[in-house]
Amino acid sequence: MKRFSCMLLALVTILLLTACGSQQKLQTHQIFAMDTVMDFAVYGGDSQGFFTAATQEINRLEALLSRTKAESDISRINGGGTVTVSEETAELLQEALYYAQLTDGAFDMTVAPLVNAWGIHTEAPRVLTQDEIASLLPLVGSEHLHLDGTTVSLDEGCSIDLGGIAKGYASVRLAQLFEVYGIQGGWVSLGGNVYTYGTRDGKAPWLVSIRDPSSPAGAAVMVGLSNQFAVTSGGYQRYFTAEDGTVYQHILDPKTGAPAQSDLLSVTIICPDGTMADAYSTALYVMGAQGAADFWRSHSSNFDMILITADGQLLYTPGLENSLTLEEGGRYEARPLT
């Protein structure tokens, strides 16, 4: 495992270093969609064609899957009654149900009523009372969504939010465009949901920098990736501070109805499926370090991961051993999971 000196520029959740030294110029493009900044970078092939197609695809998916768009499939489902949705939406709902079952509810799209009540994603968040939480918890659970082909309904008072996997799914869709437009290498970063394609100089993998949750301008570790998805979740990404000074982070535990009390600072999932990476990053953060490690041990053939814990450990799966570059003199004790 290599080590690097912490002389990095300002980082977002995941920053991809550009193709410095590459003989081909890296073309970049940026948009704002799905409530986040999205960056694209490619070299070789029809870069402008790729950027146009990627932007159109993101806009299409947002119109289809956003619960804040009045005519989207998700808004129509949340509006009540029985509705018919696109086959694409139905398939993504089926995936969400699958991941909810697989993670024992640590990932659950039906947590939306609690998300709305806490208002953490709004300009006016508030702390719910235990009575308020207790009144909303019965509305949470995959059994409240009824899916038959493309026909969907929700039990009264329930609602869904695909924000936990929508950007991951979008990254999967964009990954399919690289070959279509003859791109030789590049990446997309959808608010931290990253896909890397090819290499950064014809032979070396792209370097994905995993943010140090304790230092907004620092990196905890870099990982070399090619043709892989990487998604990071952590409580540091979005939060609010109550009047009494208590900090409430944005990831809710569907079982308690409150912000997750995790001993993890961040979870990064690396695998060949962006939708899976998105769902797992949230679920494993909710599970905590021990639960995340146990889950990986039961599904180790499907993904790799990096856990940064509140007690200063950086735990990584053995499959990443030769891909990681750690900060010299960093604050975290790195060791592999077994």
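Preceding this section is the structure that the text describes.
Read on for a plain summary of the structure. (Residues numbered from 1 in each chain as written. Predicted model: local features only at pLDDT ≥ 70, side-chain atom pairs only at ≥ 80, totals over all residues. Heavy atoms only, no water.)

What to know about the overall build of the protein chain
When you go through the protein chain residue by residue, the secondary structure sums to 8 helices and 19 strands. For the protein chain, with 338 residues in total, the buried portion stands at 58%. The contacts in the protein chain between residues at least 6 apart in sequence include a share of 63% that link residues at least 24 apart. Counting every atom, the protein chain has about 14700 Å² of accessible surface; 47% of that belongs to carbon and sulfur. (Helix = DSSP H or I, 4+ residues; strand = E, 2+ residues; numbered from the N terminus. Buried < 20%, exposed > 50% of the residue type's maximum accessible area, 1.4 Å probe, protein only. Contact = heavy atoms within 4.5 Å. Areas by Shrake-Rupley, 256 points an atom, 1.4 Å probe, with all protein chains shown as cover.)

Comments concerning the pairing of strand β17 (residues 313-316)
The side-chain alternation of β17 yields two buried faces, one formed by Gln313 and Leu315 and the other by Leu314 and Tyr316. As defined by bridge partners, strand β16 (residues 304-309) adjoins β17 across 3 bridges and the pair is classed as antiparallel. Its bridge partner being in β17, isoleucine 306 is matched across the sheet by tyrosine 316. Linkage of β16 to β17, two consecutive antiparallel strands, is achieved through a turn of 3 residues, within which glycine 312 is found at a positive phi near 90 degrees. Here β17 runs beside strand β19 (residues 333-336); their pairing, made up of 4 bridges, is parallel. (Pairing = 2+ DSSP bridges.)

Section: the sheet that holds strand β15 (residues 264-271)
The strand order across the open sheet built from 9 strands is β3-β4-β8-β9-β12-β15-β16-β17-β19, with neighbouring strands paired in mixed fashion. This sheet does not close on itself; its edge strands, each paired only once, are β3 (27-33) and β19. On average, each strand axis in the sheet is inclined to that of its neighbour by 15 degrees, with strand direction left out of account. Seen against the sheet, helix α8 (residues 274-298) touches β9 (193-197), β12 (228-233), β15 and β16 and runs at an angle of roughly 130 degrees to β15. (Axes fitted to C-alpha atoms, helices over the stretch in contact; angles between N-to-C directions.)

Here we look at the pairing of β12
Burial analysis of β12 places 6 of its 6 residues in the buried class, which makes it a mostly covered element. Here β12 shows a buried face lined by Gln228, Ala230 and Thr232 and a second buried face lined by Phe229, Val231 and Ser233. With 3 bridges joining them, β9 and β12 adopt antiparallel strand pairing. Its bridge partner lying in β12, tyrosine 195 is registered against phenylalanine 229. Sheet analysis places β12 next to β15, joined by 5 bridges and oriented antiparallel. Each bridged residue has a counterpart across the sheet, and for alanine 230 the counterpart in β15 is isoleucine 270.

Regarding the packing of helix α1 (residues 47-65) against helix α6 (residues 166-175)
Between α1 and α6, whose axes approach to 10 Å, the crossing angle comes to 150 degrees. For the crossing formed where α1 meets α6, the hand is right-handed. Counting all contacts with α1, which are made through Phe50, Ala54, Glu57, Ile58, Arg60, Leu61 and Leu65, the residues of α6 involved are Tyr169, Ala170, Arg173 and Leu174. Each residue belonging to the contact of α1 with α6 can be placed in one class, and the counts come to 8 nonpolar, no polar and 3 charged. (Left-handed = near helix turned anticlockwise from the far one by under 90°. Nonpolar A, V, L, I, M, F, W, Y, C, P; charged D, E, K, R; others polar.)

Structural notes on unusual backbone geometry
Even without a glycine there, the phi angle at methionine 34 is positive, about 50 degrees. Structurally, methionine 34 can be placed in the loop between β3 and β4 (36-43). Judged by its relative accessible area of 15%, methionine 34 is buried. The residue aspartate 35 is not glycine, and still its phi comes out positive at about 65 degrees. Secondary-structure assignment places aspartate 35 in the loop between β3 and β4.

Here we look at the packing of α6 against α8
Interhelical geometry of α6 versus α8 gives an angle of 160 degrees and a closest axis separation of 7 Å. With respect to their mutual orientation, α6 and α8 come out roughly antiparallel. Seen from above, α6 lies across α8 with right-handed handedness. Where α6 abuts α8, its residues Ala166, Lys167, Gly168, Tyr169, Ser171 and Val172 lie against Gly274, Thr275 and Asp278. (Parallel < 35°, antiparallel > 145°, perpendicular 65-115°, else oblique.)

As far as function goes, none of this settles anything; it's purely spatial.
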